[in-house]
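# Survey of secondary and tertiary structure
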Amino acid sequence: MKTLWIVLGISVVGLGGWKLLASSTKTPLTTVRFGEVQALSDQSPVIVELFTSEGCSSCPPADKLLSALITDPATYGKEIIALSFHVDYWNSLGWKDPFSSSAFSERQRTYARKLGSGVYTPQMVVNGKTEAVGSDRTKVSALISAARNHPGTHSVSFSTTFSEDNQTINVAWEVSGDLKGQVLQLALVEKGLDVAVGRGENGGRSLHHDQVVRKFVTLDLQKAEGRGTTEIQIPTAVNRKNAALVGYVQDQASWAISGAKQAGLPL
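Read on for an overview of the structure.

### Here's the deal with the environment of Ile144
Among the secondary structure elements, Ile144 is positioned in helix α3 (residues 137-147). Expressed as a C-alpha distance, the spacing of Ile144 and Val126, which sit 18 residues apart in the sequence, is 6.7 Å.

### Quick notes on the packing of aromatic side chains
Taken as a whole and assessed by the stated rule, the structure comprises 6 aromatic pairs. Relative to Phe216, the ring of Phe85 has its centre 5.3 Å away and its plane inclined at 80°; by these criteria the two rings are edge-to-face. Of this pair, Phe85 sits in strand β4 (residues 80-86) while Phe216 sits in strand β13 (residues 212-220), placing them 131 residues apart in sequence. Judged by its relative accessible area of 0%, Phe85 falls in the buried class. With a relative accessible area of 24%, Phe216 lands in the partly exposed category. Measuring from ring centre to ring centre gives 4.7 Å for Tyr111 and Trp255, while their planes differ by 85°; the resulting arrangement is edge-to-face. With a gap of 144 residues between them, Tyr111 in helix α2 (residues 102-115) and Trp255 in the loop between β15 (243-251) and β16 (257-264) connect regions that are remote in the sequence. A residue is classified by how much of its surface remains accessible, and Tyr111, at 0% relative accessible area, is buried. Here Trp255 falls in the buried class, since its relative accessible area comes to 14%. Ring-pair connections join several aromatic residues into one group, and the members of that group are Phe51, Phe85, Phe104, Tyr111, Phe216 and Trp255.

### Concerning unusual backbone geometry
Of the consecutive residues Thr121 and Pro122, the connecting peptide bond is found in the cis state with omega at -5°. A positive phi angle is found at Asn166, which is not glycine, with a value near 60°. Its location among the elements puts Asn166 in the loop between β8 (155-162) and β9 (168-176). Overall, the relative accessible area of 32% leaves Asn166 in the partly exposed class.

### Here's the deal with the pairing of β9
Within a regular beta strand, the side chains point alternately toward one face of the sheet and then the other, so they alternate between its two faces. Both β8 and β9 contribute to a ladder of 8 bridges, which runs antiparallel. Counted as the bridge partner of Phe158 is Trp173 from β9. Hairpin remark: β8 followed by β9, antiparallel, with 5 residues in the connecting loop; positive phi at Asn166, about 60°. Alignment of β9 against strand β14 (residues 227-233), held across 7 bridges, turns out to be antiparallel. For Ile169, the partnering residue across the bridge sits in β14 and is Ile232.

### Brief notes about the environment of Gly128
With respect to the element layout, Gly128 can be found in the loop between β6 (123-126) and β7 (130-133). With 81 residues separating them in the primary sequence, Gly128 and Ile47 have C-alpha atoms 7.7 Å apart. Sequence-distant contacts of Gly128, that is, excluding residues within four places in its chain, are made with Tyr111, Leu115, Gln250, Ser254, Trp255, Ala256 and Ile257.

### So, the nonpolar core
Where a protein is soluble and globular, its nonpolar side chains tend to be buried together. In this structure, Ile47, Leu83, Phe85, Val189, Val213, Val246 and Tyr248 are the most contacted members of the largest nonpolar core, which totals 24 residues. Residues within four places of Phe85 in sequence aside, it is in contact with Glu49, Leu50, Phe51, Thr52, Phe104, Arg107, Val213, Phe216 and Tyr248. Counting 21 residues, the second-largest nonpolar core is a separate cluster that includes Leu184, Leu186, Val217 and Ile232.

Rules used in this analysis
- Residues numbered from 1 in each chain as written.
- Predicted model: local features only at pLDDT ≥ 70, side-chain atom pairs only at ≥ 80, totals over all residues.
- Heavy atoms only, no water.
- Helix = DSSP H or I, 4+ residues; strand = E, 2+ residues; numbered from the N terminus.
- Phe/Tyr/Trp six-rings, centres within 6.5 Å; stacked < 30°, edge-to-face > 60°.
- Buried < 20%, exposed > 50% of the residue type's maximum accessible area, 1.4 Å probe, protein only.
- Pairing = 2+ DSSP bridges.
- Contact = heavy atoms within 4.5 Å.
- Core = buried A, V, L, I, M, F, W, Y, C linked by side-chain atoms within 4.5 Å.

Here it is, written out as structure tokens:
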């Protein structure tokens, strides 16, 4: 792979083999209780967000590491909730990532401003506070270990109803704790996705993905006074057996995460 260098802000520090980019009402049928999101502690989850792309030849090792994080969390000392955000800024290299979104690219740019990291792939962000090259197992493990020293302060509960056509999840949610400056992130994720890449840097390879974000909703907790409802459309291609809903509380100023929970979708 040719390493691509693009200036972010004023200067760029050498990044080895990874890539850097410039900043830039339905009728309900059933109701299912998903459970409660507890405040983060030594026993509660750590949120790991991976920014990746099928158009980046440096990303498959990070995708594999993300899968390892969720299949063997005991190795890392805590339960881990992972989300894989596929960015769209490498789509021009010959392959359009089917899971990519400009909104996910913008989310990563915001992290770059908050963390002073630059925008690159693959990148992992831990609890919204720290980041590392997404394939660097040693550094990522250290960040997850350090996250146990920063317990959260919020709890969340949410329940769901499904629309008559079963293509819409209606989520009723409630958050306790200090709501000032906080948002609730809701993500529909899917695991077990295999893609045969036809062109680009990964052309001819079969790539495996877990915890791919298929839908993402941000809710202003202070404005909503800590409770409300929202609808999440389920893409027709999503296999519900492999899908789950993730909810986490995030500070709008620092982007630190202070509560998290994942629950599978009822069949």
